[in-house]
Amino acid sequence: MANTKHTFIAIKPNSVQQGLVRDIIKRFEQKGSHLVGMKFLRSSEEHLKQHYVDLKDRPFFPGLVKYMNLGPVVAWEGMNVVKTGRVMLAETKPADSKQGTICGNFCIQVSSDSVKSAQKEMSL
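Remember, it's a predicted structure, so these values are computed and weren't measured experimentally. (Residues numbered from 1 in each chain as written. Predicted model: local features only at pLDDT ≥ 70, side-chain atom pairs only at ≥ 80, totals over all residues. Heavy atoms only, no water.)

> Before we move on, could you go through the pattern of salt bridges and cite the residues and values that matter?
A complete count under the given rule lists one salt bridge for this structure. Here K49 ties to E45 by a salt bridge, and the two come within 3.1 Å at their closest N and O atoms. Here E45 and K49 lie together in helix 3 (residues 45-51), a separation of four residues that amounts to about one turn. Of the residues examined, E45 reaches a relative accessible area of 47% and is grouped as partly exposed. (Salt bridge = Lys/Arg side-chain N within 4 Å of Asp/Glu carboxyl O. Helix = DSSP H or I, 4+ residues; strand = E, 2+ residues; numbered from the N terminus. Buried < 20%, exposed > 50% of the residue type's maximum accessible area, 1.4 Å probe, protein only.)

See the structure below:
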């Protein structure tokens, strides 16, 4: 596929604890993306600090690193998945996301927002 793009999507700890992983994966598959890899893991604190380095000066950074220390990593690929995924996920701030989107229905934490961010996150 010439337009195949890869992105990184983290299903966060609260969604895993609520049993929402299958529902989130299904939404992406229904949009034509397919799973290329999935790991359930606990990232090290150092890895998470590197992953979220662009947020290091924000007051919520320490809490975000601590919270994400529990979460799984899910990688997707598909036609225009970065743009489509952003629409499906909705706003990076869950409170600004519409009902029916993944963030609007399931999220409580801020998510990443661009191809550049996805490339950086996948390299980690």
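> Tell me about the nonpolar core, residues and numbers included.
I9, I11, L20, V21, I24, I25, F28, V74, M88 and L89 form the largest nonpolar core, which has 10 residues in total. Contributing elements (two or more residues each) for this core: helix 2 (21-30) and helix 5 (81-89). In terms of residue count, helix 2 provides more of this core than any other element does, four residues in total. Among the nonpolar cores identified, the runner-up in size contains eight residues, and F61, L64, V65 and M68 belong to it. (Core = buried A, V, L, I, M, F, W, Y, C linked by side-chain atoms within 4.5 Å.)

> Please set out a nonpolar patch on the surface residue by residue, giving values where relevant.
Where nonpolar side chains cluster on the molecular surface, the patch consists of L35, M38 and F40 and spans about 270 Å² of accessible area. Structurally, F40 can be placed in the loop between strand 2 (34-39) and helix 3. (Patch = residues over 30% accessible without salt bridge, like charges linked within 9 Å, V, L, I, M, F, W, Y side chains within 5 Å. Areas by Shrake-Rupley, 256 points an atom, 1.4 Å probe, with all protein chains shown as cover.)

> Account for the environment of A10, with residues named and values stated.
Looking at the element boundaries, A10 is found in the loop between strand 1 (4-9) and helix 1 (13-17). Its relative accessible area of 22% is what places A10 among the partly exposed residues. In this structure, the C-alpha to C-alpha distance between A10 and P72, residues 62 residues apart in sequence, is 6.3 Å. Among residues more than four places away in sequence, those in contact with A10 are M68 and P72. (Contact = heavy atoms within 4.5 Å.)

> A description of helix 2 should follow, citing residues and the corresponding values.
Along helix 2, the residues that are buried comprise V21, I24, I25 and F28. Seen from one end, helix 2 has its buried residues packed into an arc of 95 degrees, which puts them on one side. For helix 2, the exposed residues set more than 90 degrees away from the buried face come down to R22 and Q30. Backbone geometry just after helix 2 places G32 at a positive phi near 100 degrees. (Arc of directions from axis to C-beta.)

> Outline the environment of F61, listing residues and values.
Along the chain, the position of F61 falls in helix 4 (residues 61-68). For F61, a relative accessible area of 9% gives the class buried. Spatially, the C-alpha atom of F61 lies 8.5 Å from that of K49, the residues being 12 residues apart in sequence. For F61, the contacting residues outside a window of four places in its chain are K49, Y52, L55 and K56.

> Tell me about helix 4, and name the residues and values.
Those residues of helix 4 that sit buried are F61, L64, V65, Y67 and M68. The buried residues of helix 4 occupy an angular sector of 165 degrees when projected down its axis, which confines them to one face. Facing away from the buried side of helix 4 by over 90 degrees, the exposed positions are P62 and K66. Along its buried surface, helix 4 packs onto helix 1 and helix 3.

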